[in-house]
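# Residue-level structural notes
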Amino acid sequence: MFSKFTSILQHAVEALAPSLPLQEDFVYHWKAITHYYIETSDDKAPVTDTNIPSHLEQMLDILVQEENERESGETGPCMEYLLHHKILETLYTLGKADCPPGMKQQVLVFYTKLLGRIRQPLLPHINVHRPVQKLIQLCGEVLATPTENEEIQFLCIVCAKLKQDPYLVNFFLENKLKSLASKGVPNVISEDTLKGQDSLSTDTGQSRQPEELSGAAGMEQAELEDESPHHMDDLSTSLDNLTVTSLPEASVVRPNQDYNLVNSLLNLTRSPDGRIAVKACEGLMLLVSLPEPAAAKCLTQSTCLCELLTDRLASLYKALPQSVDPLDIETVEAVNWGLDSYSHKEDASAFPGKRALISFLSWFDYCDQLIKEAQKTAAVALAKAVHERFFIGVMEPQLMQTSEMGILTSTALLHRIVRQVTSDVLLQEMVFFILGEQREPETLAEISRHPLRHRLIEHCDHISDEISIMTLRMFEHLLQKPNEHILYNLVLRNLEERNYTEYKPLCPEDKDVVENGLIAGAVDLEEDPLFTDISPDNTLSNQEWLSSPPTTPDHPKNDGKTEVHKIVNSFLCLVPDEAKSSYHVEGTGYDTYLRDAHRQFRDYCAICLRWEWPGSPKALEKCNLEAAFFEGHFLKVLFDRMGRILDQPYDVNLQVTSVLSRLSLFPHPHVHEYLLDPYVNLASGCRSLFSVIVRVVGDLMVRIQRIQDFTPKLLLVRKRLLGLEPEGPMQSVPSWW
């Protein structure tokens, strides 16, 4: 009570006293603070019961007022006094001692406001950045302390200042202290640092304080030479007696002291207070984006950042339930790393494991955004750490397991993060993880060279339809990612030499002549080795539905490319009218797909433009047509699935055709030729998408002849699939329907 009365009386005296010049007023407030440490004998009373907070606030106000009254960039006498007398060094010493209790909080607030409210650059001054660096080391040492909020505010203002002037980060790379830390020397103020430093200007007395200020007497000596000898003795004695209470450190181990700003923020990301953790993550986001190469190298090699990101990813992934409904994983709301607050009680669509799933996806989003914002070398190092420590170390064993439920859950999670990733660098590592880095043509004997790729492609044809659909969906979204290696690894590397074609130079008189819907010299589909297993009983007498529009002089075939309208008509003519139902239901014809297909193709063209693909196929004269052709594991599985389309569930067929449609959108001439050109001269033993569909349609026409009233039944099924008719029994429908 007496101290509060004294404080009120002090304010009244200051209000009534005549105004002093700013410097005198500034010095008065500073000496009032130092006077407390010399005179008081009660070191247990909280700082809020003293005048120290008021004096510190007055000093800040004076510094701001001085700056406002002077020209921009000019340092006034009060700021000169603060720098020359190393007031920030002294405040750091008092804050570390935390005497009186709560002093550390006051010092953090003073530093934060000083850096935030003063416009002129302060950090370049050695008497600013050196104590700032020391104060940074005090932050995050103990989690859930009363000063945690002030610590994160201070660290964030430092990060903001570095973002404004990135070169300043070099002041915070403590190479001098690295050797000390590696030898296990305690984190103390070194004699070299303190030697010859200026100190407090004080008037009287004596003080007791809590450790570590043992070197502070030297820090005070220079200024006290201006004072009387007994003042120097009193203050030196009081500072020598200060001891710092030993507190347990946060469990994040600091490998060295090269980048304490990062280390302190890393510790605070583990705070139980979610707001503190998010602010710490924001600070790290600012630091990784700094363009200084030395800082980027130090960040990834001399801090625990990579370990923190990956270890937390791993622990959150392992905390997920063994079994989660894939639909829940796919449909859980979009997660932003700073907004993952979730209340199970308020969620009407809650499911077991939702909290854990949101936490995992939120942290993955943070890693993704951090790598996206990071300086180039830092981004590569962080992404490689995620690849090695999380993708390979944690996810791969789950994806390679044999339990169907485990496969389904892990594949659904992989699918979700494939959809979610936005960083090009992290995407590259994810692609290498899933597909490997191989770019040479595949051979049937080596399709398992990259085990995970082989396993995932095999899962596209799994005995479990759920696993097949989920894996196909994952590949479909992977193909939509802006990364050239995806298509090249899955498809293009096997088409580079165009050895799926049979090169037969045309005679001049045969050029552009089409006979029975085929280019002269092309292998007739009935004579193709792939169709020799079709018995005469399974062939159709009338194959007019296979014919293509004849070539006309107005529409010749140019540059080895078939005109688009011919290709479209060829595919449309594959299915006979009696097997079509779209024209019976308004708005369901293929025309309805054209607008969306055009938009998607335009989007793909924009993405692929940067990859500088050729505009026309590689000249056959330059291709190695003698090499054995293998379409690759991915297309092999897709073609196999497509060939069984009449015997598979509707949902599986939709997903297979959806993936093939994605592949067909890529504007590469070899992809278009192999997948879409029905006139290509296939080499012996080779199959294409068109030839696979021809066989399916041939089987279809044989089967529909066995069904009575096929057309009305077909129309009924279409309407039911579209939700236009209620579900119900339907007689005389074979199992393949």
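Quick look at the structure, then.

Rules behind the numbers
Residues numbered from 1 in each chain as written. Predicted model: local features only at pLDDT ≥ 70, side-chain atom pairs only at ≥ 80, totals over all residues. Heavy atoms only, no water. Helix = DSSP H or I, 4+ residues; strand = E, 2+ residues; numbered from the N terminus. Areas by Shrake-Rupley, 256 points an atom, 1.4 Å probe, with all protein chains shown as cover. Salt bridge = Lys/Arg side-chain N within 4 Å of Asp/Glu carboxyl O. Buried < 20%, exposed > 50% of the residue type's maximum accessible area, 1.4 Å probe, protein only. Phe/Tyr/Trp six-rings, centres within 6.5 Å; stacked < 30°, edge-to-face > 60°. Polar contact = N/O pair within 3.5 Å; in protein donor to acceptor, adjacent residues only side chain to side chain. Contact = heavy atoms within 4.5 Å. Core = buried A, V, L, I, M, F, W, Y, C linked by side-chain atoms within 4.5 Å. Domains from an automatic or database assignment. Expected span 1.5 Å × (residues − 1). Patch = residues over 30% accessible without salt bridge, like charges linked within 9 Å, V, L, I, M, F, W, Y side chains within 5 Å. Lys, Arg positive; Asp, Glu negative; His and termini not counted. Charge placed at Lys NZ, Arg CZ, Asp CG, Glu CD. Axes fitted to C-alpha atoms, helices over the stretch in contact; angles between N-to-C directions. Parallel < 35°, antiparallel > 145°, perpendicular 65-115°, else oblique. Left-handed = near helix turned anticlockwise from the far one by under 90°. Nonpolar A, V, L, I, M, F, W, Y, C, P; charged D, E, K, R; others polar.

Looking only at helices and strands, the protein features 31 helices and two strands. Accessible surface for the protein amounts to roughly 35100 Å². Of this, 53% is attributable to carbon and sulfur atoms.

With that out of the way, let us pick up the pattern of salt bridges. Summed over the entire model, instances satisfying the criterion amount to 30 salt bridges. Across the pair Arg117 and Glu57 runs a salt bridge, and its minimum N-O distance is 3.5 Å. Of this pair, Arg117 sits in helix H6 (residues 103-117) while Glu57 sits in helix H3 (residues 52-69), and the two are 60 residues apart along the sequence. Classification of Arg117 as partly exposed rests on a relative accessible area of 32%. Across the salt bridge formed by Arg687 and Glu631, the nearest N and O atoms sit 3.0 Å from each other. Here Glu631 lies in the loop between helix H26 (591-608) and helix H27 (633-643) and Arg687 lies in the loop between helix H29 (669-676) and helix H30 (689-704), a separation of 56 residues in the sequence. Of the two residues, Arg687 and Glu631, neither departs from the other in class, the shared state being buried.

Let us now look at the packing of aromatic side chains. Centre-to-centre distance and the angle between the planes together describe a pair of aromatic rings. Counted by the stated rule, this structure contains 19 aromatic pairs. Taking the centre distance of 4.9 Å and the plane angle of 35° together, the rings of Trp363 and Tyr366 count as tilted. With Trp363 and Tyr366 both in helix H18 (residues 354-373), this residue pair falls three residues apart, about one helical turn. For Trp363, a relative accessible area of 7% translates into the label buried.

All right, on to the side chain of Asn499 then. Within the secondary structure, Asn499 is located in the loop between helix H24 (484-490) and strand S1 (514-515). Of note is the side chain of Asn499, whose polar atom sits 3.1 Å from the backbone oxygen of Ala627. Residue contacts for Asn499: discarding those within four places in its chain leaves Asn494, Asn624, Leu625, Ala627, Ala628, Phe629, Ala683 and Cys686.

The nonpolar side chains of a soluble globular protein tend to be buried, and buried together. By size, the foremost hydrophobic cluster in this structure holds 184 residues, and its most contacted members are Phe154 and Tyr259. Top contributing element to this core by residue count: helix H19 (residues 376-399), with 11 residues. Looking at which domains feed residues into this core, each of domain 1 (1-138) and domain 2 (467-504 + 602-689) gives three or more. Ignoring anything within four residues of it in the chain, the contact list for Tyr259 reads Val169, Phe172, Leu173, Leu287, Leu290, Ala295, Cys298, Leu299 and Thr303.

With 14 residues, helix H16 (residues 305-318) ought to run about 20 Å at 1.5 Å a step, and its terminal C-alpha atoms sit 20 Å apart, in line with that. Taken as a whole, H16 has its buried residues at Leu305, Cys306, Leu308, Leu309, Thr310, Leu313, Ala314 and Tyr317. Elements that come into contact with the buried residues of H16 comprise helix H13 (260-268), helix H14 (274-288), helix H15 (293-301), H18, H19 and helix H20 (404-420).

This part covers a negative patch on the surface. A cluster of acidic residues, Asp325, Asp465, Glu466 and Asp651, forms a negative patch at the surface. Following the sequence through the fold, Asp325 ends up in the loop between H16 and helix H17 (326-331). Since its relative accessible area comes to 42%, Asp325 is described here as partly exposed.

A word on the environment of Asn263. With respect to the secondary-structure elements, Asn263 resides in helix H13. With 41 residues separating them in the primary sequence, Asn263 and Cys304 have C-alpha atoms 7.2 Å apart.

Turning our attention to a nonpolar patch on the surface. Together, Tyr650, Leu654 and Leu721 make up a nonpolar patch on the protein surface, roughly 290 Å² of accessible area in all. Within the fold, Leu654 resides in helix H28 (residues 650-665). Under the relative-accessibility criterion, Leu654 is labelled partly exposed at 43%.

With that out of the way, let us pick up helix H23 (residues 465-479). Compared with an ideal rise of 1.5 Å per residue, which puts 15 residues at 21 Å, H23 spans 21 Å between its outermost C-alpha atoms and is within 8% of the ideal. Along H23, the positions that sit buried rather than exposed are Ile467, Ser468, Ile469, Met470, Thr471, Leu472, Met474, Phe475, Glu476, Leu478 and Leu479.

A separate point is the packing of H15 against H19. Between two packed helices, both the angle of their axes relative to each other and the distance between the axes serve to describe the pair. Axis separation between H15 and H19 bottoms out at 8 Å; the angle between their running directions is 15°. Looking at the two axes, H15 sits roughly parallel to H19. Classified by chirality, the crossing of H19 by H15 is right-handed. Residues Ala296, Leu299 and Thr300 of H15 form the contact with H19, whose own contacting residues are Thr377, Ala378, Ala381 and Leu382. In terms of residue class, the contact of H15 with H19 is built from five nonpolar, two polar and no charged.

With that settled, the discussion passes to the packing of helix H5 (residues 87-97) against helix H7 (residues 126-138). Orientation of H5 relative to H7, taken along the N-to-C sense of each, is 15°, at an axis distance of 9 Å. Classified by the angle between their axes, H5 and H7 sit roughly parallel to one another. The way H5 lies across H7 gives a crossing that is left-handed. Touching Leu88, Glu89, Tyr92 and Lys96 of H5 are Asn127, Val128, Arg130, Pro131, Lys134, Leu135 and Leu138, all from H7. By residue class, the composition of the contact of H5 with H7 is six nonpolar, one polar and four charged.

This brings us to unusual backbone geometry. Put simply, Cys99 and Pro100 share a cis peptide bond, and its omega is 0°. Among the structural elements, Pro100 can be located in the loop between H5 and H6. In this structure, Arg498 takes a positive phi of about 55° despite not being glycine. Mapped onto the elements of the fold, Arg498 is located in the loop between H24 and S1.

None of the figures reported here should be taken as evidence of function without further support.
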